[in-house]
Amino acid sequence: MSEEHKKQLETQLWNIANTLRGKMNADEFRDYILGFIFYKYLSEKMHLYADKILQEDGMKYEDIDENSEEGQEYLEAIREESVLQLGYFLKPSELFHAIAVRGNGNGSKNFILDDLSKILTNIEQSTMGTESEDDFDKLFEDLDLTSTKLGRTESAKNELISKVLSHLDAIDFELENTELDVLGDAYEYLIAQFASGAGKKAGEFYTPQEVSQVLAKLVTTGKTKLKSVYDPTCGSGSLLLRVAKEVKEVSAFYGQELNRTTYNLARMNMILHGVHYRKFDIRQEDTLERPQHIEERFEAIVANPPFSAKWSANQLHMSDDRFSQYGKLAPGSKADFAFVQHMIHHLADNGQMAVVLPHGVLFRGAAEGLIRKYLIEDRNYLDAVIGLPANIFYGTSIPTCVLVFKKCRETPDDILFIDASAHFEKNKNQNRLREEDIEKIITTYRERKAMDKYSYIAPLDEVKENDYNLNIPRYVDTFEEEEPIDIEAVSDELAVLEGEIRTNDEVIADFCKQLGISTPF
């Protein structure tokens, strides 16, 4: 599939979403359309896999008679293989195409909501007692087919859902012939579109692709393979998948997400991008209060945690290995450093981590100042501070920065500061990092070079002299001197203007005299 076809698919999917969502909020309809795309994906994968198994017998999956004894034997054998390899199972009558046709068959509208509901439950049940059970557990719970938001009557709901299925059924995802990521990328595109189109509510879980790219490139510097990548506030999983694009192989993906709907989206996103269910471990819980991967250490960690979120800051955490050595907890009103401490705890000795945070973490005092000092002076983990342009996130315009940490730094005597705040493209509602802006950040970081008005390598002593205040203007001078003003030339110009004004006044006075009216001055 060419780039052009990919764009067409993305546009087609977005148009379907926009046409059908009616009065429903974008973030509410998102869960339906993304859920159905996922169901179609599972269905087509199942179909292809079963056809491959049946190839030797010269059969197609849809030819199996589900009610015959022979058909049942076939289905049982395919189920066994499918659950092992794909992690789930669907009967021929449960495939997306079959139900879409039933909903719109022969010009008549058949009632399919009950069947559809059973199918989605059956997918989850097919994984019970298997390795993939956790990855499919309640995966479709946001697809509430009884919601009145779909329509006032059962018939209206059925009509809307049948339309969605029919539109999606008409699209050939070409799973067999094309790169797997085409559909995955289209899925990502829809997530981004819903995030940007719906404002803060839907956008708060989404990291813009350009920022994801910066983080992913930072943590994969000098690596071609990763044993593991972790995102403690993984949202829809975009950041984890972005990291995978920067290296040849990632052996395992780990994530944690508090929001149930977004957690479901992340698991779907992983599967849609061809990440095998055995290779990802995403959990739903509060990362700071109930961490789920406490014994794990990761080679790459990326995160875009909620900015200055509240957390318990319970003194019991002072005995938690993640926070105890710092002597202070991050304030309850701002969890930014609590997330940093959590990530540092999980970082492997040969690992790298990059986290997006609000600018306040660079200079706020009290407990945050002490934690910052400990990270630099006692641990010497901070490798770089990168200032990003304002207004590049959906739902907030505050300036942000990226902190890069490593436990074994190649240059332990200094910290690199990059001020990329003035390098962006201004769009209507949102600023955006261009390819060249991303490239400049990454090249400067990887080559660790100082550039006039852009980057600076600060010796640790200088950071200490600044009392561990990391505010970027202290290190990167972006002040542009104004050109000196030639007072003599300005005086001459004013004299000329004065003369012109006098001449014009005389002309106007003459006109007034000829018209027999008084002058306006």
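Residues numbered from 1 in each chain as written. Predicted model: local features only at pLDDT ≥ 70, side-chain atom pairs only at ≥ 80, totals over all residues. Heavy atoms only, no water.

## Some words on the overall build of the protein
For clarity, the cut-off: The helix and strand labels rest on DSSP assignments: H or I over at least four residues marks a helix, E over at least two residues marks a strand, and numbering proceeds from the N terminus. Working definition: with a 1.4 Å probe on protein chains only, accessible area under 20% of the residue-type maximum means buried, over 50% means exposed, and in between means partly exposed. Every residue pair with non-hydrogen atoms within 4.5 Å of one another is taken to be in contact. Reported accessibility uses the Shrake-Rupley method at a 1.4 Å probe radius. Residues are deemed covered only where the shown protein chains occlude them.
Summing up its helical and strand segments, the protein has 17 helices and 13 strands in all. If you line up the protein on its principal axes, its C-alpha atoms span 105 × 80 × 40 Å. In the protein, which comprises 521 residues, the share counted as buried stands at 51%. Of the contacts formed within the protein by residues at least 6 apart in sequence, a portion of 72% connects residues at least 24 apart. Total accessible area on the protein is roughly 25100 Å²; 47% of this is exposed by carbon and sulfur atoms.

## Here's the deal with the sheet that holds strand β9 (residues 400-406)
Two modes of strand pairing occur in sheets, parallel and antiparallel, and in both the strands are linked by backbone hydrogen bonds. Heads up, the rule is: Note on pairing: two strands pair once DSSP finds at least 2 bridges between them. Each axis is a line fitted through C-alpha atoms, taken for helices only over the stretch in contact, and angles between the N-to-C directions span 0 to 180 degrees.
As summarised here, the arrangement of the nine strands in space is β5-β4-β2-β6-β7-β9-β8-β10-β13, forming an open sheet in which the pairing is mixed. Both outer strands of the open sheet, β5 (280-284) and β13 (455-459), are each paired with one neighbouring strand and no more. Across the sheet, the mean angle from the axis of one strand to that of its neighbour is 15°, orientation sign disregarded. In this sheet, strand β4 (residues 253-257) lies alongside strand β2 (residues 229-231) in parallel orientation, the contact comprising three bridges. By the bridge assignment, Y230 is partnered in β4 with Y254. Relative to strand β10 (residues 414-419), helix α15 (residues 435-447) is tilted by about 165°, and along the sheet it contacts β7 (347-358), β8 (382-387), β9, β10 and β13.

## Section: helix α3 (residues 69-85)
Which entries qualify depends on this criterion: By this rule the span expected of a helix is its residue count minus one, scaled by 1.5 Å. An arc is given here, and it is the one of the directions from the helix axis to the C-beta atoms.
Helix length check: α3, at 17 residues, gives a terminal C-alpha distance of 25 Å against a target of 24 Å (1.5 Å per residue), a fit within 8%. Residues of α3 that are buried: G71, Y74, L75, I78, S82 and V83. Taken down its axis, α3 places every buried residue within 150° of arc, on the same side. Opposite the buried face of α3, at more than 90 degrees from it, the exposed residues are E69, E70, E73 and E80. Looking one or two residues beyond α3, the residue adopting positive phi is G87, at roughly 100°.

## Quick notes on the nonpolar core
The line we're drawing: What we call a nonpolar core is a set of buried Ala, Val, Leu, Ile, Met, Phe, Trp, Tyr and Cys residues that are connected through their side-chain atoms within 4.5 Å.
Among the nonpolar cores identified, the biggest contains 105 residues, and F36, Y39, M46, Y61 and I123 are the most heavily contacted of them. Broken down by element, this core gets its largest block of residues, 14 residues, from helix α2 (residues 26-54). Residues in contact with Y39, not counting those within four places in the same chain, are L90, E94, L95, F96, I99, L116, I119, L120, I123 and F140. Counting 45 residues, the second-largest nonpolar core is a separate cluster that includes A303, A335, M343 and Y468.

## Here's the deal with the environment of I485
Take I485: it is sitting in the loop between α16 (460-465) and α17 (487-515). Spatially, the C-alpha atom of I485 lies 57 Å from that of T287, the residues being 198 residues apart in sequence.

## Brief notes about the pairing of β8
Here β8 lies mainly inside the structure; six of its six residues are buried. Where β8 meets β9, five bridges bridge the pair, whose relative direction is antiparallel. Of the residues in β9, the one forming a bridge with I386 is V402. Where β8 and β10 come together, four bridges link them in parallel fashion. Looking at the pairing, I386 lines up with I418 of β10.

## Things to note about the side chain of N264
This is how the line gets drawn: Two N or O atoms count as a polar contact when they lie within 3.5 Å, although within protein this holds only if one can serve as hydrogen donor and the other as acceptor, and sequence-adjacent residues are included solely when both atoms are side-chain atoms.
Within the element layout of this structure, N264 appears in helix α12 (residues 260-272). Within the local environment of N264, its side chain forms a polar contact with the side chain of R267, the two groups lying 2.6 Å apart. Apart from residues no more than four positions distant in its own chain, N264 is found in contact with K138, L139, E141 and D142.

## Examining empty space enclosed by the protein
This is how it is decided: Points on a 1 Å grid over protein atoms alone make up a cavity when a 1.4 Å probe fits among them but cannot get out, and a pocket when they form an open set with protein on both sides within 12 Å along at least five of seven lines; lining residues each have an atom within 4 Å of a point. Grid points are joined across faces, edges and corners, and a volume is the space filled by probe spheres set on the points. Classes in brief: Ala, Val, Leu, Ile, Met, Phe, Trp, Tyr, Cys and Pro nonpolar; Asp, Glu, Lys and Arg charged; the others, Gly included, polar.
For the coordinates displayed, the defined rule picks out two cavities of 30 Å³ or more. Taken as a whole, the largest cavity spans an internal volume of roughly 70 Å³. The wall of the largest cavity is formed by D31, L34, G35, L139, F140, D142, L143, T261, N264, L265 and M268. Elements with a contribution of two residues or more to the lining of the largest cavity: α2 and α12. It is α12 that contributes the most residues to the lining of the largest cavity, four residues altogether. Looking at side-chain class alone, the lining of the largest cavity contains six nonpolar, three polar and two charged residues. When its volume is computed, the second largest cavity comes out at roughly 30 Å³. For the second largest cavity, the full set of lining residues is F337, R372, L375, I376, L382, L403, F405 and L470.

## Here we look at the packing of aromatic side chains
Worth spelling out the cut-off: Any two of the Phe, Tyr and Trp rings considered here, Trp counted by its six-membered ring, make a pair once their centres fall within 6.5 Å; the pair's planes then place it as stacked at under 30 degrees, edge-to-face at over 60, or tilted in between.
One pass over the full model with this rule turns up nine aromatic pairs. Ring geometry for F38 and F140: centres 5.9 Å apart, planes at 40°, overall tilted. Taken together, the residues F38 in helix α2 and F140 in the loop between α6 (133-136) and α7 (154-169) connect sequence positions 102 residues apart. Taking relative accessible area as the criterion, F140 reaches 5% and is therefore assigned buried.

## Side note on the pattern of salt bridges
To be explicit about the condition: Every case where a carboxyl oxygen of Asp or Glu lies within 4 Å of a side-chain nitrogen of Lys or Arg is listed as a salt bridge.
All chains considered together, the criterion is met by 24 salt bridges. Across the pair R290 and E285 runs a salt bridge whose closest N-O atoms are separated by 3.0 Å. In this structure, E368 and R364 form a salt bridge, with 2.8 Å as the shortest nitrogen-oxygen distance. Taking the relative accessible area as the measure of exposure, R364 reaches 17% and is therefore buried. One salt-bridge network, in which partners are shared between bridges, spans D383, R409, D414 and R448.

Fair warning: the whole summary comes from geometry, so function is off the table for now.
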